[in-house]
Amino acid sequence: MPDNYFARYLPILIHFSLAALLATAIVLLSWIIGYRRPTRAKLSPYECGMTPVGDARQRFSVKFYLVAMLFILFDVEAVFLYPWAVILRDLKMFGFWEMLVYIGIVLVGFFYIWKKGVLDWGGASTGRGEV
Amino acid sequence: MNLTTFIIVSVIKTVIALFVLLTAVAYSVWLERKVVGHIQNRWGPTRVGPFGLLQPLADGAKFLFKEDLIPPHVYKPLYIAAPMLAVMFALTSISVIPIGNVVTIGNIKTPLQITDVNIGLLIVLGITSLGVYGVALAGWSSNSKYSLLGGLRASAQMVSYEISLGLSLVGVLILAGSFSLRAIVDAQAGTFWGFIPRWNIFQGQIIAFFIYLTAAYAETNRVPFDLPEAETELVAGYHTEYSAMKFAMFFMAEYANMITVACLASLLFLGGWHGPLFGPPLLQAILPVFWFGLRVFMFLFIYIWVRGTLPRFRYDQLMAFGWKFLLPMAIANLVITALIVAIRS
């Protein structure tokens, strides 16, 4: 292996290019080989034989946005934990207590969204603390 | 080794890896149909070749010759890009996964992995989490209600379980002290008292192992977390509007992701390629790869076994389970592991 640090990442790039090439080739091959005899019924959105009413560009539950926002928050937390985990043996107890404070703060937020009912999906049981 | 040799060796390894992975994908579909068939007291595929072994090839050929429709109501660029993205990321995620020791062929010394980088685990997690784009974009660009619902469900589910998955690995990182998958496996060499292997699962990471496995099942949209493609309510979920090879590509991506998950579970928790070595030098060189393959096969079998056994979750149960049970458990596991390691060091 060459000494250059970035050379180690070169194979990932090669691998990704080959995978991209393969994916493109499959789609193209299917497009070239496969036949196409479209009819109106085939081209309409599939709704189990019902005549479609409107399209799918409609509003959907705000819960999905909330989950996405929570994901960003908690994933950033997880990302902070990774480098800490790798050097914990050197940090010893000091590192443990420092991170315990951090996790404690995160858990306060977690407890708050839990009690606010952000984690409850639909149903009658979500009466209190609706967002 | 100079740069040219390095690139040639990398290309050869990549081509072999992609070939092996695609074959494994095709045959895990065959395995799944066969095993689920036997679980349900059926035979599974038997007609094409002995034991239906040529079935994957026949399926592939059939998918190629099928009608490749692009309905007029879809958003075309993303509709075509979505299955390509799914397959690309699924195939790339194996690029840093090691399958055995360092081998020497002639005068070229190379690890049995495409590349050994010091942030290997982060790269796998990063690339696999990009896979959500394929699903979300497929659901949205199809402009069909079933697809949209399937895509939304899948994205919300994948991001929710990704947190538990990520946090369950922190315990392993604390024990190994490195992101490199090779270093993590090397840290699990040896035994306790001569007979219990020092795998992470026996080093107190058994809870993390089950959290990882559960979250990974949800991450790959498999039973019992296959709500995005719940056929009784959503027809086929995010790939309802797809046909021919584009339809098959989502399955290729799903099975490739399953294999990545199985590889990671073996590497991080079950000691990777460690196992008894015996016999002549050639056998000793091949055995680690065999032990690793055996573990991966076991995880794939458990995937299929679970599919043949468990019913599907309800969506609110799924979300509650991920956020209210797995996440606190993962945090508790990492705090306890950190405490023990900090006291010992």
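These figures come from a predicted structure and were not determined experimentally.

### A look at helix α1 (residues 3–39) of chain B
The end-to-end C-alpha distance of α1(B), which contains 37 residues, comes to 52 Å, matching closely the 54 Å that a straight helix rising 1.5 Å per residue would cover. The positive-phi residue at the C-terminal boundary of α1(B) is N41(B), with phi of around 60°.

### Topic: the side chain of S141(B)
The residue S141(B) is located in helix α4 (residues 120–141) in this model. Taking relative accessible area as the criterion, S141(B) reaches 0% and is therefore assigned buried. Polar contacts involving the side chain of S141(B) include one to the main-chain amide nitrogen of Y79(B), which spans 3.4 Å. Residue contacts for S141(B): discarding those within four places in its chain leaves R57(A), V74(B), Y75(B), L78(B), Y79(B) and Y242(B).

### A few points about the nonpolar core
In this structure, W84(A), L167(B) and Y212(B) are the most contacted members of the largest nonpolar core, which totals 132 residues. A total of 18 residues in this core trace back to one element, the largest contributor, which is helix α10 (residues 244–269) of chain B. Apart from residues no more than four positions distant in its own chain, L167(B) is found in contact with A78(A), L81(A), L327(B), A330(B), I331(B) and L334(B). One finds W30(B), V35(B), V36(B) and I304(B) within the second-largest nonpolar core, a separate group that totals 5 residues.

### Examining the confidence of the model for chain B
Taken as a whole, chain B shows an average pLDDT of 85; of its residues, 99% reach a score of 70 or greater. Our summary of model confidence lists the complex with pTM equal to 0.88 and ipTM equal to 0.85.

### What about the interface of chain A and chain B?
Facing 70 residues of chain A, the contacting portion of chain B comprises 86 residues. The junction of chain A with chain B conceals about 7,200 Å² of combined surface from both sides, 75% of it contributed by carbon and sulfur atoms. Considering only the surface of chain A that becomes buried against chain B, H15(A), R57(A) and Y82(A) emerge as the three largest contributors, covering 10% of it. Summed over the shared surface of chain A and chain B, the number is 0 salt bridges.

Basis of the calculations
Residues numbered from 1 in each chain as written. Chains lettered and ligands numbered in written order. Predicted model: local features only at pLDDT ≥ 70, side-chain atom pairs only at ≥ 80, totals over all residues. Heavy atoms only, no water. Helix = DSSP H or I, 4+ residues; strand = E, 2+ residues; numbered from the N terminus. Expected span 1.5 Å × (residues − 1). Buried < 20%, exposed > 50% of the residue type's maximum accessible area, 1.4 Å probe, protein only. Polar contact = N/O pair within 3.5 Å; in protein donor to acceptor, adjacent residues only side chain to side chain. Contact = heavy atoms within 4.5 Å. Core = buried A, V, L, I, M, F, W, Y, C linked by side-chain atoms within 4.5 Å. pLDDT = per-residue confidence, 0-100. Buried area = accessible area lost by both parts, 1.4 Å probe. Salt bridge = Lys/Arg side-chain N within 4 Å of Asp/Glu carboxyl O.

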